[in-house]
Each structure stands twice: as C-alpha cells, then as structure tokens.
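Here is what each chain is made of, one letter per residue.
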Amino acid sequence: MPKEYLLAELTKRDEELIAFLSDGKNSGKKVQVEWSDTPVSVLSYLWAMNDHEILHNGWNLALMDALNISRFDELVRVWG
C-alpha cells in the first residue's frame, strides 16, 4: 500500500480512538490484563502500553550506543 494511504489510515484510526476515549462511558471501562489480578481502566492500559514501548526504544538506543551502531535519521529525529 502507498505511504500516503497508510498515513491517512493512521490519522483516521487516531481520530477514532480519540472519539472513543472522549466518551465517558468508554474511558471508564475496565479490561482484564495479564499483569494484574484486577481489571484496569482502558486509559491505564493505554498508558502502560505507551510506557512499555518507550522502554523498548530506550533499551534499543542503549544497545546501539554500546555497540557503536549509528542511529538512523528517523530515530535521531524522535529520540536524539
């Protein structure tokens, strides 16, 4: 698929997620997750996924630095 199409789809999905979470009945929903005995809110789950992704990026950057691997342009734009 062309890059322009994929970017448009990503924008569309972002807007759908924002609309979904803006509705109080959805943002207050609880979901069962593997790491908790009790359900967590949808927003807590999304923040946890975001934090987890950041952890992976940090780990990758540390390994790249330790191995003297040059960072590619997009990585430098996002993480420095």
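Before reading further, recall that the structure is shown in the block above.
Because the structure is predicted, anything quoted here is derived from the model rather than measured.

(A) Spotlight on the pattern of salt bridges. Taken as a whole and judged by the stated rule, the model has five salt bridges. A salt bridge links R13 to E16; the nearest nitrogen and oxygen atoms lie 3.1 Å apart. Linking R13 with E16, this pair stays in helix α1 (residues 3-22), spanning three residues, or about one helical turn. Ionic pairing is found between D65 and R71, a salt bridge with its closest N-O pair at 2.7 Å. R71 gets classed as partly exposed once you look at its relative accessible area, which sits at 26%. When salt bridges that share partners are traced, they join E9, R13 and E16 into one network.

(B) The environment of G80, seen in detail. Residue position: G80 is located in the segment after α4 (73-79). When the C-alpha atoms of G80 and D14 are compared, they prove to be 25 Å apart, with 66 residues separating the residues in sequence. Discounting chain neighbours no more than four positions away, the residues touching G80 are R71 and L75.

(C) Here's a closer look at the side chain of S36. Locating S36 in the fold gives a position in the loop between β1 (30-31) and β2 (40-41). In this structure the side chain of S36 is engaged in a polar contact, spanning 2.6 Å, whose partner is the backbone oxygen of T38.

(D) Just the side chain of N26, in detail. With respect to the helices and strands, N26 occurs in helix α2 (residues 24-27). A relative accessible area of 8% places N26 in the buried class.

(E) Just a nonpolar patch on the surface, in detail. A cluster of nonpolar side chains, L17, F20, W35, L43, Y45, L46, W47 and M49, forms an exposed patch at the surface whose accessible area comes to about 760 Å². Breaking the nonpolar patch down by element, the ones donating at least two residues are α1 and α3 (42-66). Look at Y45 and you get partly exposed, because its relative accessible area is 30%.

Each value, and the rule that gives it
Residues numbered from 1 in each chain as written. Predicted model: local features only at pLDDT ≥ 70, side-chain atom pairs only at ≥ 80, totals over all residues. Heavy atoms only, no water. Salt bridge = Lys/Arg side-chain N within 4 Å of Asp/Glu carboxyl O. Helix = DSSP H or I, 4+ residues; strand = E, 2+ residues; numbered from the N terminus. Buried < 20%, exposed > 50% of the residue type's maximum accessible area, 1.4 Å probe, protein only. Contact = heavy atoms within 4.5 Å. Polar contact = N/O pair within 3.5 Å; in protein donor to acceptor, adjacent residues only side chain to side chain. Patch = residues over 30% accessible without salt bridge, like charges linked within 9 Å, V, L, I, M, F, W, Y side chains within 5 Å. Areas by Shrake-Rupley, 256 points an atom, 1.4 Å probe, with all protein chains shown as cover.

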